[in-house]
Every structure is written in structure tokens, then in C-alpha cells.
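Coordinate analysis (summary)
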Number of protein chains: 2
Amino acid sequence: MENVVIGVDLGGTTTTLGAVTRSGEIRWRQTFDTRSAADFPAYIRQLSREIEAGRDQMGGEVVGIGVGAPAGNNRYGTVQAANLNWGGRVNFVEALSQHYDIPVSLDNDANATALGEMLFGAARSFRHFVLITLGTGLGSGIVVNGEVVSGSDGLAGEMGHICVDIDGRDCACGRKGCLETYVSANGLKRTVFHFLSQRTAPSVLREYSYNALTARQISEAATAGDPVALEAFDYTGRVLGLKLADAVAHTSPEAIILFGGLAGAGQLLMEPTARYLKQYMLFLYNPDIPLLPSALPHSDAAVLGAAALAWQKVEKTAHSLT
Amino acid sequence: MENVVIGVDLGGTTTTLGAVTRSGEIRWRQTFDTRSAADFPAYIRQLSREIEAGRDQMGGEVVGIGVGAPAGNNRYGTVQAANLNWGGRVNFVEALSQHYDIPVSLDNDANATALGEMLFGAARSFRHFVLITLGTGLGSGIVVNGEVVSGSDGLAGEMGHICVDIDGRDCACGRKGCLETYVSANGLKRTVFHFLSQRTAPSVLREYSYNALTARQISEAATAGDPVALEAFDYTGRVLGLKLADAVAHTSPEAIILFGGLAGAGQLLMEPTARYLKQYMLFLYNPDIPLLPSALPHSDAAVLGAAALAWQKVEKTAHSLT
């Protein structure tokens, strides 16, 4: 009987959980509606019931629980649940620990994904790397000496909000020119609209309204050779490459890993990012630092990341007891 | 008899060493000409002779040796001695370890200073901080969980070469717009010359050639109310504040410490840096993060930093033996 941990992906609408072995095999999966519970204690009770109901199918003892949550804080074990009626910030780790006498660990989803890559994915051979998640926004997890950097308050690794241009694009954070306003699905769209304004080249993208245009359509246009779409990807890779060169000057990682939907654009983004990263890298560092796509199966990545949090905690706890 | 470590500040012209207690008291000091040895083995022999000659005055057993060197690499124990006839890169830790059966540790001077601040200076209460050294250039040491971040190759923490403006000022590294071309004694002078070109305001700084102008003269002019000098400090603080806000988004430190000659300009630089740092900080973080001047006595800082490297290694070694 191989032990498992429970990985919990706490989403605003759906909670997904799975029982995961140390080698990353998912033995059991379950989902439920995050909003079906009346309040936070009810949610924790439901989560526990789901775990108990699955016990027989897990094929091993549950030795830990890991939780990945959008505004999860590893330092305090808390979740800031803005879209749920949980009354603001809740201490998830404390609440779960009242139900389970096993290690419980929690972090934000980008940090969980970073650990997932380290245990099960593209970073298995690395102890120092940077993970970038590309979706509507840009998230990041910075790993040093095999540990996610949490900083003084659990809030380290917010590379989506490093500054590209202090007089640049409005950001949801209230400032201007943050990296995620350039490098993300939404940033890519903004870049397309910029180049539609600058260039006279014909482009299929001139047919779309701002609200209608998606990253997928931009990818398809680029693949078909659309000059505006291609320039938008090149620009996105330039901005990302430059900021990754700066990130290297902070923590000198062995590799950089790109995760997420925009990264799913594949070589359209990877090629210019790698090219500009090499161009902008300080001479001290390896100019051919590996820039790798995620190696986690996309649909299971969040559960695997959460499970990785649990496995790391389980192994640390075991180590400190010996 | 209180134990001591030997802190060695390996400079291009002068080597300074001292015997330092765990509380930072310097019991004995010595200097010699780094270039007087014919080669690297001769240098190591001379260093050992100096240490032996001082034994009686150290008032305690020597339990470790730490070395701070401009291009020292903590990961490999090496020094890249460009200005010495040591035949390129030498393994300093290995060579010293053949003479001494005690822990030997080595790092670059900015990282050594960071540890010096943590053990003896302004960072005594911090486990997560960023140290910036301001001199002719800009150096940095990033501390996470009480350890200097070395990265995959010992080369982490080169914040002097993060990018301010990719089309900006020529940098000695061969690229353009690196932070140290703006924020350093030399960067301040370049900024003065920029504003002399932009403004029509009278300024005493219009009397100086580029080669004649020093940071001290700019400080004196600013203190006397010179508008160009004041604008240059404000601009320098703006650039530094912005990049420190980005550094916070990487590792979320408890504090930032400024060390060095330009920081000696005191409030002229600290005030605008703190103001812009607060303005540019992502809302998640403490906008009033402490921005502190070094608390190491300037003339002893390098020896204390090197001694801090030794003490950290000594304590880790002791911990791993128990």
C-alpha cells in the first residue's frame, strides 16, 4: 500500500481534489461546487466528507493534505476568499488541522505549481528555478535551494507586478506598466491593439472588437503568418525575456519554466522569449539557460501542485522527527 | 577565552584581516599588500604567516576563517582575481583548507556585507532583507530565511545589472541601461550631466568637467540647495525606489539596507528613495518597509562581513555535527 496525500485545488467556483502518490500518480479524483457550502466551517466539513467518501478508492494511507488557492498564504496558512461568503480571510490550515492529525500545507496556486513542477514535472532535476504562470494575468513562483521563496509575509514571487514602464498600461493593481499588463493573455491582446494602431499592414485581427478578441485567435492568426499577430508575440517575448534576465540577476536559477494557456501558444512565445532572454542576459550567467514548458498535464496541474505542497511538508516533518 | 574567527577582506591592493568575536568585537587587525606575493600559493603562505603572528593578540581560539572578495563565489569557493598575477580563477577555500582544519567560507563583498549586517549591523532582527552597496557601482546581497541567496552558480544578487532602460546608458557589462549606470557614484554624476543638458537653471556643477566631478561635490551642492544637484538625487532615488519595489515583488523582504559611499550622502538619497519606494510598492506589501542605512562602522565593514561568513559557517558546521 503506497501512501498518498490529498491535493486540494480551491477554485472560486469548483474545488478539485485528488489522492496523489509520491511519484505523482493520481489515484482518486473528486470535484464539488466551492460555493455550495453556506460558510467556511460548512466548506471544511464538506471537504472532509468528500475525503472520507473517497478513502476506499485511494489505495493507501493519507499522510498529508496540500491546498493551492489563488490568494493562499504559506506563511500564515490563510486564504483571502474575495468571491466567497467566508467573511474575508480564513485560516484554512488551522481549520483543516482540527479535522486531521497529519501535516497540512497551503500556498498560492503559482507557488503550488512551482513545487508541482519540482516534484512531478519539468523541474525535477532543479533546486533553483523560476516558474511563470501565464493566464489572464501572470503569476510566479521562485524556488531557491529547493524551497519556494515566501519572504517575510508569504507574499514573495509577485512578478506579475514588477514594472515594465512606470508610465505604461493601467494595471488592475492601481499602478501602471506592470509586467502582467504586457505578458498574459490580456496583455497580448493589449499589445495587438497597440500594433493595430501603429501599423498599416492588413491583419485579420482588424475584424475583432477588443472584447471579442481572444489569445487563441491571436495565436491562430500568428500561425497563419499575420504580421500584427507575429509582431505582438515578438514584443511579448521581448518584454518577458528582459524581465526574466532581471529575475536571473536576483536569484540565478538553473532554469525557467513557463506554465499556462498563453504558454500553450508554444513556440510562438517560447522562441522570442528565449532569443531576447539570451540577448539581455548579463555576461556572468548562462545565456542558454533552459527555458522550458511545463511538464504537468494541464488538467491535473493544480491538484498535482497542491499535492506537491503536501509531500514537501510530509517529508520535512518526517525529517525533523528523526 | 572567547572564540574568534578571522575575517579576511581581500582587496586588489590591500588585504585586511581581523579576529572577530561572535558579538562583532574586533580583537586584532592586520593589513598587508595583496600584490607583494609572487603568486597565489605565496599569497596563501603570507596570509597564514600573518594569522600565526597575531595569534597571541586574538584573546581566543580561532574557530573559522571567512573571506570577502570582489569576485568571490560562495558556491565554488573561488576568486576571479583579474588584477593579480594569480593566473585567473583560484580556489581560495581549498587552498586555505590545506593550512587550517577549521571551517573556511568565502563570498563576494556585497554578500559578505549582507551577512555582516545580519550578524552585527542593521539587519540583526531580520531573516529576509535586501542589501544594496553603493560605490563606484552597485552591488547587492539578497537574504532569504537567514541565508544569502547564491543561486545555481554562486552568482545571484547582481542587482547592479537589472535593467532600467534597455535603450539607456552604456554599461561596463556591454549592455545598456543597467541599474548601476543610474544608481551609484558614477551614475549620479551621469544624471547630473543629463540634467545640466536639460535644464537652464544656474548650477555650481556647470563649473566641473565630467572627469573632475565627484559624488561628494554633488552632495555638497545639493546640501547648499543647488537645483540640478537636488534633481539628480531625486531622480536617483526614483530609479532606486522603483527597482527596490520590483525586488520586493521577488523576495518580499522585511527591510532594505543601503550601504556605502553614496548612501553616505544620507537623507539626500534616503528621502527620495523611501518616498518613491512607497509610491511604487504593490498594494500587497508594507508600503513603509524599513529602508535603513548600514549600521556597520564603515572602515571595519569588510572585515566584519568576512567574519560573518565565517561565523555562519562555524555555526552551521556545529549544528550538523550535533
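Everything here concerns the structure above.
Rules behind the numbers
Residues numbered from 1 in each chain as written. Chains lettered and ligands numbered in written order. Predicted model: local features only at pLDDT ≥ 70, side-chain atom pairs only at ≥ 80, totals over all residues. Heavy atoms only, no water. Contact = heavy atoms within 4.5 Å. Salt bridge = Lys/Arg side-chain N within 4 Å of Asp/Glu carboxyl O. Helix = DSSP H or I, 4+ residues; strand = E, 2+ residues; numbered from the N terminus. Nonpolar A, V, L, I, M, F, W, Y, C, P; charged D, E, K, R; others polar. Buried < 20%, exposed > 50% of the residue type's maximum accessible area, 1.4 Å probe, protein only. Arc of directions from axis to C-beta. Axes fitted to C-alpha atoms, helices over the stretch in contact; angles between N-to-C directions. Parallel < 35°, antiparallel > 145°, perpendicular 65-115°, else oblique. Pairing = 2+ DSSP bridges. Lys, Arg positive; Asp, Glu negative; His and termini not counted. Polar contact = N/O pair within 3.5 Å; in protein donor to acceptor, adjacent residues only side chain to side chain.

1. Some words on the interface of chain A and chain B
The interface of chain A with chain B comprises 39 residues on the first partner and 39 residues on the second. Counting across the interface, chain A meets chain B through zero salt bridges. Within the residue set of the side of chain A that touches chain B, elements represented by two or more residues are β10 (138-144) and α6 (227-251) of chain A. In terms of residue class, the side of chain A that touches chain B is made up of 20 nonpolar, 10 polar and nine charged.

2. Some details on the pattern of salt bridges
All names here are of chain B. Per the counting criterion, the structure on display carries 26 salt bridges over all chains. Asp170 serves as the salt-bridge partner of Lys176, at 2.8 Å between the closest nitrogen and oxygen. In this structure, the salt-bridge partner of Asp288 is Lys278, at a minimum N-O distance of 2.8 Å. Of this pair, Asp288 sits in the loop between α7 (267-280) and β13 (291-293) while Lys278 sits in helix α7, placing them 10 residues apart in sequence. The class of Lys278 is partly exposed, set by a relative accessible area of 43%.

3. Things to note about helix α5 (residues 215-223) of chain A
All names here are of chain A. Within α5, burial applies to Ala215, Ile218, Ser219, Ala221 and Ala222. The buried residues of α5 occupy an angular sector of 165° when the element is viewed end-on, so they sit on one face. Exposed side chains of α5 directed beyond 90 degrees from the buried face belong to Arg216 and Thr223. Considering only its buried residues, α5 is in contact with α4 (185-198), α6 and α7 (267-280). Phi for Gly225, located one or two positions after α5, is positive at around 90°.

4. A short note on the packing of helix α3 (residues 109-120) of chain A against helix α8 (residues 301-321) of chain A
Residue and element names in this part refer to chain A. Between α3 and α8, the least distance of the axes is 7 Å, while the angle of their chain directions is 75°. As judged from the angle between their axes, α3 and α8 are roughly perpendicular. Here Ala112, Thr113, Leu115, Gly116, Met118, Leu119 and Phe120 of α3 lie close against α8, whose contacting residues are Leu304, Gly305, Ala306, Ala307, Ala308, Leu309, Trp311 and Gln312. Split into classes, the residues belonging to the contact of α3 with α8 amount to 11 nonpolar, four polar and no charged.

5. With respect to the sheet that holds strand β12 (residues 255-259) of chain B
All names here are of chain B. The five strands are arranged β11-β10-β9-β12-β13 in an open sheet whose pairing can be described as mixed. Looking along the sheet, the strands with just one partner apiece sit at the ends: β11 (147-148) and β13. Pairing analysis gives two bridges linking strand β10 (residues 138-144) to β11, with the strands arranged antiparallel. Note that in β11 the partner of Val144 across the bridge is Glu147. Sitting on the sheet, helix α3 (residues 109-120) is in contact with β9 (129-134), β10, β11 and β12, with an inclination near 50° to β10.

6. Observations regarding the side chain of B:Asp153
Relative to the elements of secondary structure, B:Asp153 occurs in the loop between β11 and α4 (185-198). B:Arg75 provides the closest opposite charge to the buried, salt-bridge-free B:Asp153, at an N-O distance of 6.5 Å. A polar contact of 3.1 Å, which involves the side chain of B:Asp153, links it to the backbone nitrogen of B:Leu155. Not counting the four nearest positions on each side in its chain, B:Asp153 is found in contact with A:Ser252, A:Tyr285, B:Asn73, B:Arg75 and B:Tyr76.

7. Regarding the sheet that holds strand β1 (residues 4-10) of chain B
Each strand in a sheet pairs with its neighbour through backbone hydrogen bonds, running either in the same direction (parallel) or in the opposite one (antiparallel). All names here are of chain B. The mixed open sheet is built from five strands, whose spatial order is β3-β2-β1-β4-β8. One side of each edge strand has no neighbouring strand; the edge strands of this open sheet are β3 (26-33) and β8 (104-108). Strand-to-strand twist across the sheet, computed as the mean angle between neighbouring axes with direction ignored, equals 15°. Bridge count for strand β4 (residues 62-69) against β8 is five bridges, and the pairing is parallel. When the bridges of β8 are listed, Ile65 appears paired with Val104. Packing of α3 onto the sheet brings it into contact with β2 (14-20), β4 and β8, and relative to β8 it is tilted by some 115°.

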